[in-house]
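The primary structure of each chain is shown beneath.
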Amino acid sequence: MGAEVTVVEVLPRILPVEDEEISKFAHKAFEKQGMKIHVNTQVKALKKGKNNVTATLVADGKTQDITVDRVILAVGIVGNTENLGLENTKVKVEKTHVVIDKWCATGEPGVYAIGDLAGPPWLAHKASHEGIICVEKIAGVKDVHPLDTRNIPGCTYCMPQVASVGLTEKAAKDKGYQVKVGRFPFIGNGKAIALGEPEGLVKTVFDAKTGELLGAHMIGAEVTELIQGYAIARTLEATEAELMHTVFPHPTLSEMMHESVLDAFGRVIHM
Ligand SMILES: Cc1cc2nc3c(=O)[nH]c(=O)nc-3n(C[C@H](O)[C@H](O)[C@H](O)COP(=O)(O)OP(=O)(O)OC[C@H]3O[C@@H](n4cnc5c(N)ncnc54)[C@H](O)[C@@H]3O)c2cc1C
């Protein structure tokens with residue numbers, strides 16, 4: 001939109017919950033668009049001027065002031081648990097979030113909580129899914145399944161878009177998995193080129209022993225649409241075998257999801 005943008009992140013990388021490769025890719029892509037990015041940097045102070053704000057940034061012990069038109073703060077999420085009358089009830093609150101069981105019930109019979117108030121991930125689709133589970137359980141609907149937070153896709157609507165589900169490569173290794181990792185770049189996909197969107201990456205992480213898809217991480221055009229394919233795969237506990245045997249239509253961006261799986265097992269075609 002023509003605005004000059006400076007991003008300040010206290011952690012060593014932007015999009016810190018995403019896979020490290022995706023985060024690096026986004027960093028480069030944003031810088032290419034002209035954004036200034038400061039990582040390992042703390043905002044120490046914000047001073048409001050008449051028509052601007054001066055931010056004091058500290059990195060490596062060095063202080064720097066930058067003056068900007070506006071500051072958008074996007075740090076932390078807390079539950080609004082105050083003034084709800086929870087004090088004299090059995091509803092338990094931990095770190096500003098209401099503690100619930102797998103059916104969204106609190107410690108107080110008849111009181112339920114869903115969504116942001118009940119804890120991470122703080123996403124609209126998590127909130128509405130919990131709402132449905134909760135109400136169905138109250139109504140006595142059979143075959144209600146508790147929410148598996150490991151299979152909730154996360155989407156970031158930046159340009160290029162970022163989307164993921166399941167474990168990052170590092171998280172999988174930290175959990176003790178031996179992993180097989182597949183990658184496929186947008187530049188190898190005909191539809192991406194035809195769309196004029198050759199910038200992006202699809203990365204898949206598998207359990208080397210069982211072939212289970214542990215996680216999928218994407219950056220590029222329309223990946224927030226594509227991620228649902230891998231979310232279904234996670235819900236069905238799909239392995240590389242099912243994903244390889246799935247037919248992906250041509251020409252589509254989704255073919256990259258196939259290729260990334262094939263790459264993890266040394267069978268990539270268009271690379
Ligand atoms: C800028 C921004 C962008 C976002 N983008 C996305 C996105 O792209 N995709 C995504 O999945 N999620 C996104 N989210 C997160 C998403 O909005 C939340 O996860 C979602 O709204 C949570 O739903 P909820 O019902 O738990 O809470 P809310 O949507 O916050 O609803 C809670 C409601 O309760 C009301 N309320 C509060 N206290 C009381 C009270 N005492 N009595 C009565 N009513 C009360 C509030 O006014 C509010 O209407 C975004 C959030 C922000 C802030």
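Scroll up to find the structure.
Residues numbered from 1 in each chain as written. Predicted model: local features only at pLDDT ≥ 70, side-chain atom pairs only at ≥ 80, totals over all residues. Heavy atoms only, no water.

### Thoughts on the sheet that holds strand β3 (residues 42–48)
Then comes step 1: Here we have three strands laid out as an open sheet, ordered β3-β4-β5, and antiparallel in their pairing. Either end of the sheet is taken by a strand with one partner, and the two such strands are β3 and β5 (62–68). Across the sheet, the mean angle from the axis of one strand to that of its neighbour is 20°, orientation sign disregarded.
Then comes step 2: For strand β4 (residues 53–59) and β5, the ladder comprises seven bridges, and the chain directions are antiparallel. (Pairing = 2+ DSSP bridges. Helix = DSSP H or I, 4+ residues; strand = E, 2+ residues; numbered from the N terminus. Axes fitted to C-alpha atoms, helices over the stretch in contact; angles between N-to-C directions.)

### Structural notes on the packing of helix α5 (residues 223–235) against helix α7 (residues 255–264)
Any two packed helices are characterised by the angle at which their axes cross and by the distance between the axes.
Then comes step 1: Look at α5 against α7: their axes get within 10 Å of each other, and the N-to-C directions meet at 50°. Classified by the interaxial angle, the pair formed by α5 and α7 is oblique. Crossing handedness for the pair α5 and α7: right-handed. Facing α5, whose interface residues are Leu 226, Gly 229 and Tyr 230, α7 presents Met 257, His 258, Ser 260 and Val 261.
Then comes step 2: Its residues placed into classes, the contact of α5 with α7 shows four nonpolar, three polar and no charged. (Parallel < 35°, antiparallel > 145°, perpendicular 65-115°, else oblique. Left-handed = near helix turned anticlockwise from the far one by under 90°. Contact = heavy atoms within 4.5 Å. Nonpolar A, V, L, I, M, F, W, Y, C, P; charged D, E, K, R; others polar.)

### Comments concerning the site of the ligand
Then comes step 1: Surrounding the ligand, one finds Leu 84, Gly 115, Asp 116, Trp 122, Leu 123, Ala 124, His 125, Ala 127 and Tyr 157.
Then comes step 2: At 3.3 Å, a backbone N or O of Trp 122 approaches an oxygen atom of the ligand.
Then comes step 3: Separating an oxygen atom of the ligand from a side-chain N or O atom of His 125 is a distance of 3.3 Å.
Then comes step 4: Here the ligand has 1000 Å² of accessible area as a free molecule, and 32% of this is covered by the chains.
Then comes step 5: Class assignment for the residues of the shell around the ligand results in six nonpolar, two polar and one charged. (Near = heavy atom within 4 Å. Polar contact = N/O pair within 3.5 Å; in protein donor to acceptor, adjacent residues only side chain to side chain. Areas by Shrake-Rupley, 256 points an atom, 1.4 Å probe, with all protein chains shown as cover.)

By themselves, these figures tell us nothing about what the structure is for.
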